[in-house]
Amino acid sequence: MLTMSGPSTDIREWRFDPPAEILQSRILHAGGYLVVSGLFGEETLQGLWNEATDARPDAVRSYVADSDGTEGRGGCPARAYRSGAARELHWSLHGCQQMTDVLSGLCGVAVSATGGGTYSYYEEAGDFLAVHRDVLQCDIAVITSLTRTAGDGLTGELVVYPEFIREPLSTVRTAGRTFGKCVPLDRGQTIILLGGVVPHEVAPMRTGQERIVAINCYRAQTEDIRDSVSLGPG
């Protein structure tokens, strides 16, 4: 899903121009996303939950009423939720060589971790994240659910738009959620998402719902970024 950190591209004039590695990747040919179970075992999931709980008091609530109209990657989508920096366990899992090897195998493209990751908390009725593509540092987002959202239809769930990969975001906004695919994630399930290519959003939460997710971003590995992207927590 998305991390909101890092500079935005603020692309107003749409062009579909992902890295060649992405165009040739297995994950793109699979529709731009994969849902996997068992990426983390029960003990690790409980550890992530404990860490997310500890980080929660320091999480910052973000509210933006209207999206800025960016057609491509980044920008400033409308949103209401809380987000906090991940801690040691999160990074030790997402930043290790074993994880990048697993992701590279699943996606069919070599990847490198960027940033230190985040925990996101959708905890109030109406919390949401409007349709967007992720920032340049986030070709691939790995999002693990630490709760069971128990949505009703699209309510409170991740919605992806694989049929609109080559379209500007304004086309997605006009089409609406009925043209997206709801991706409900049970506790412990992970979506591996080409977030820089596939438009996606989190539909508004209803009363009584809670969505807590662990997120980390990865870039498609190319020669020109191998020497420039730090793999340490950011």
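Scroll up a little and you will see the structure.
These remarks concern the structure in this document. All figures in this text were calculated on a predicted structure; none of them were measured in a lab.

Rules used in this analysis
Residues numbered from 1 in each chain as written. Predicted model: local features only at pLDDT ≥ 70, side-chain atom pairs only at ≥ 80, totals over all residues. Heavy atoms only, no water. Helix = DSSP H or I, 4+ residues; strand = E, 2+ residues; numbered from the N terminus. Areas by Shrake-Rupley, 256 points an atom, 1.4 Å probe, with all protein chains shown as cover. Buried < 20%, exposed > 50% of the residue type's maximum accessible area, 1.4 Å probe, protein only. Core = buried A, V, L, I, M, F, W, Y, C linked by side-chain atoms within 4.5 Å. Contact = heavy atoms within 4.5 Å. 1 Å grid on protein atoms, 1.4 Å probe; cavity = no way out; pocket = protein on both sides within 12 Å on 5 of 7 lines; lining within 4 Å. Points joined across faces, edges and corners; volume = space filled by probe spheres on them. Nonpolar A, V, L, I, M, F, W, Y, C, P; charged D, E, K, R; others polar. Expected span 1.5 Å × (residues − 1). Salt bridge = Lys/Arg side-chain N within 4 Å of Asp/Glu carboxyl O.

Take the overall build of the protein next. The secondary structure content of the protein amounts to 7 helices and 11 strands. By element, 50% of the accessible surface of the protein is carried by carbon and sulfur atoms, the whole surface being about 10100 Å².

This paragraph deals with the environment of Gly176. Within the element layout of this structure, Gly176 appears in the loop between helix 6 (169-175) and strand 8 (181-183). Accessibility expressed as a relative area gives 21% for Gly176, which makes it partly exposed. The sequence separation of Gly176 and Val131 amounts to 45 residues, and the corresponding C-alpha distance is 9.6 Å.

Further remarks concern the nonpolar core. Membership of the largest hydrophobic core comes to 52 residues, with the highest contact counts inside it found for Tyr119, Ile140, Leu146, Ile191, Ile192, Leu194 and Tyr218. For this core, the element with the highest residue contribution is strand 11 (residues 211-220), accounting for 7 residues. Those residues in contact with Leu146 that lie beyond four places of it in its chain are Leu45, Leu48, Trp49, Ala52, Tyr119, Arg187, Ile212 and Ala214. Counting residues in each nonpolar core, the second largest holds 7 residues, with Tyr161, Phe164, Val172 and Ala203 among its members.

With that out of the way, let us pick up empty space enclosed by the protein. Evaluation of the coordinates by the stated rule reveals 1 cavity of 30 Å³ or more. Looking at the largest cavity, the residues that line it are Ser67, Asp68, Thr70, Gly74, Gly75, Cys76, Pro77, Val131, His132, Leu169 and Arg173. Every element with two or more residues in the lining of the largest cavity is listed here: strand 5 (128-132) and helix 6. Within the lining of the largest cavity, the residues separate by chemical class into 4 nonpolar, 5 polar and 2 charged.

Taking 1.5 Å per residue as the helical rise, helix 3 (residues 42-55) with its 14 residues ought to reach 20 Å, and the 20 Å between its terminal C-alpha atoms agrees with that figure. Residues of helix 3 that are buried in the fold lie against strand 3 (79-85), helix 4 (88-94), strand 4 (111-122), strand 6 (140-145) and strand 11.

To continue, consider the pattern of salt bridges. Any two side chains of opposite charge can pair, given that their charged atoms come close. Enumeration over the complete set of coordinates arrives at 11 salt bridges. The partner of Arg187 in a salt bridge is Glu42, and the shortest N-O contact between them spans 2.8 Å. Of this pair, Arg187 sits in the loop between strand 8 and strand 9 (189-193) while Glu42 sits in helix 3, and the two are 145 residues apart along the sequence. Looking at Arg187, the relative accessible area reads 34%, which means it is partly exposed. For the salt bridge of Arg73 with Asp139, the shortest nitrogen-to-oxygen distance reads 3.0 Å. Within this pair, whereas Arg73 is found in the loop between strand 2 (60-64) and strand 3, its partner Asp139 is found in the loop between strand 5 and strand 6, the two being separated by 66 residues in sequence. For the pair Arg73 and Asp139, one class covers both residues: buried. Among the charged side chains, a network of salt bridges with common partners joins Arg56, Arg82, Glu123 and Glu210.

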